[in-house]
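Structural overview
Now for the letters of each chain:
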Amino acid sequence: MAALPVLALLALVLAAGGPGAAGQKRKEMVLSEKVNQLMEWASKRSVIRMNGDKFRRLVKAPPRNYSVIVMFTALQPHRQCVVCKQADEEYQILANSWRYSSAFTNKIFFAMVDFDEGSDVFQMLNMNSAPTFINFPAKGKPKRGDTYELQVRGFAAEQLARWVADRTDVNIRVIRPPNYAGPLMLGLLLAVIGGLVYLRGSNLDFLYNKTGWAFAALCFVLAMTSGQMWNHIRGPPYAHKNPHTGQVNYIHGSSQAQFVAETHIVLLFNGGVTLGMVLLHEAATSDMDVGKRKIMCIAGIGLVVLFFSWLLSVFRFKYHGYPYRYLYF
């Protein structure tokens, strides 16, 4: 008779599916609660702000059948992270494009951890720079490719979308808010040209001014050789500031990437070399007196030597091990 209660208990366990089924059901309930919570937050804000507790519970802790793209940043004004603000704008565009697309599902979420709200998360991940983008996949831990190469790719929303598609198989069509700056500038330029033609309709010799066209062509060449087109395509940050040391880097240490400030510096150096060459040419061909031509020659040589030396120092900084130098740079 004593065996009857044991048999009855065994029958109840088998009827319920066993201990494993109970644990599976509990996991499904926890997962459902997490997904519902994230969906509720995502309906209010495309980028979910997280502190340490939310990050550990919804991103790090299993179970999880969704990917989370997390931007680790430092947006508080006292951090003075200009790059963080610029990257945040692009990140918001990407998250909004996903949130309001017809393909929106609970397969992927976008989140943010600010240093002042989740410094413990930065310490847990041994993270010492911002901004940083990491994909936390639905299964397993992040791999090397799940950390976005910000310095190489830049933080443009289109570049982030390509990386997200590569890591999660979720294709996001980036939709930017309308920007009327380009059409307005084009309209203004056409208006200025039209005004000049109207005012000087009887004398259009200025259109054949070689000096003006040469100056315009020179500006275009300097802009292109300094890397402005690369900036337009890749969307790199203006500079990089270490949030811990406060040190600002205006020149990227790798030959595979650059900052916007770096292109401005290179443009200035190329312009200085060009100006020196122009002065040397004028000193050799102009009809001025000998004294002024000597001054122009000395100034031209000084500009070429100085700015070319600085330009070579930038090259040495980016191409480590380059053996040649000029002057003391």
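Residues numbered from 1 in each chain as written. Predicted model: local features only at pLDDT ≥ 70, side-chain atom pairs only at ≥ 80, totals over all residues. Heavy atoms only, no water.

Once that is clear, we can look at the sheet that holds strand 1 (residues 47-49). Here we have four strands laid out as an open sheet, ordered 1-3-2-4, and mixed in their pairing. Sheet topology places strand 1 and strand 4 (132-136) at the edges, where each strand pairs with a single neighbour. Averaged over all neighbouring strand pairs, the angle between strand axes comes to 30 degrees, with direction disregarded. Sheet topology places strand 2 (residues 67-73) next to strand 4; five bridges connect them, and they run antiparallel. Each residue of the ladder has a partner; that of Val68, found in strand 4, is Phe136. Its contacts with the sheet put helix 4 (residues 82-99) on strand 1, strand 2, strand 3 (108-114) and strand 4, and the angle it makes with strand 3 is roughly 160 degrees. (Pairing = 2+ DSSP bridges. Helix = DSSP H or I, 4+ residues; strand = E, 2+ residues; numbered from the N terminus. Axes fitted to C-alpha atoms, helices over the stretch in contact; angles between N-to-C directions. Contact = heavy atoms within 4.5 Å.)

The subject of this paragraph is the packing of aromatic side chains. As enumerated under the stated definition, the model contains 15 aromatic pairs in all. A ring pair is formed by Tyr91 and Phe133, whose centres lie 5.3 Å apart and whose planes are at 50 degrees; its orientation type is tilted. Residue Tyr91 is located in helix 4, and its partner Phe133 is located in strand 4; the two are separated by 42 residues in the primary sequence. Residue Phe133 is classed as buried on the basis of its relative accessible area of 0%. Look at Phe315 and Tyr319: their rings are 4.4 Å apart centre to centre, the planes differ by 20 degrees, and that puts the pair in the stacked class. What makes Phe315 partly exposed here is its relative accessible area of 33%. Site record: aromatic cluster; members linked through ring pairs are Phe55, Phe72, Phe115, Phe122 and Phe136. The ring of Trp41 carries Lys54 above its face, with NZ or CZ at 4.6 Å from the centroid. The ring of Phe104 carries Arg99 above its face, with NZ or CZ at 4.9 Å from the centroid. (Phe/Tyr/Trp six-rings, centres within 6.5 Å; stacked < 30°, edge-to-face > 60°. Buried < 20%, exposed > 50% of the residue type's maximum accessible area, 1.4 Å probe, protein only. Lys NZ or Arg CZ within 6 Å of the ring centre and 35° of its normal.)

Counting through the fold element by element, Lys34 comes out in helix 2 (residues 18-44). Buried and unpaired, Lys34 has Glu33 as its nearest opposite-charge partner, separated by 9.4 Å. (Lys, Arg positive; Asp, Glu negative; His and termini not counted. Salt bridge = Lys/Arg side-chain N within 4 Å of Asp/Glu carboxyl O.)

Before going further, it helps to spend a moment on the environment of Val273. Topologically, Val273 is positioned in helix 11 (residues 260-285). A residue is classified by how much of its surface remains accessible, and Val273, at 17% relative accessible area, is buried. Spatially, the C-alpha atoms of Val273 and Val305 are 7.9 Å apart, while their sequence positions differ by 32 residues. Setting aside its immediate chain neighbours within four residues, Val273 contacts Val304, Phe307 and Phe308.

This part is about the nonpolar core. Counting 30 residues, the largest nonpolar core has Tyr91, Leu94, Phe110, Phe133 and Val164 as the members making the most contacts within it. Elements with a contribution of two residues or more to this core: strand 2, helix 4, strand 3 and helix 7 (157-168). If one sorts the elements of this core by residue count, helix 4 sits on top with eight residues. Among all residues touching Phe110, those that are not within four sequence positions of it are Ser46, Val47, Ile48, Ile69, Tyr91, Leu94, Ala95, Trp98, Val164 and Ile172. Counting 22 residues, the second-largest nonpolar core is a separate cluster that includes Trp41, Ala111, Phe122 and Phe136. (Core = buried A, V, L, I, M, F, W, Y, C linked by side-chain atoms within 4.5 Å.)

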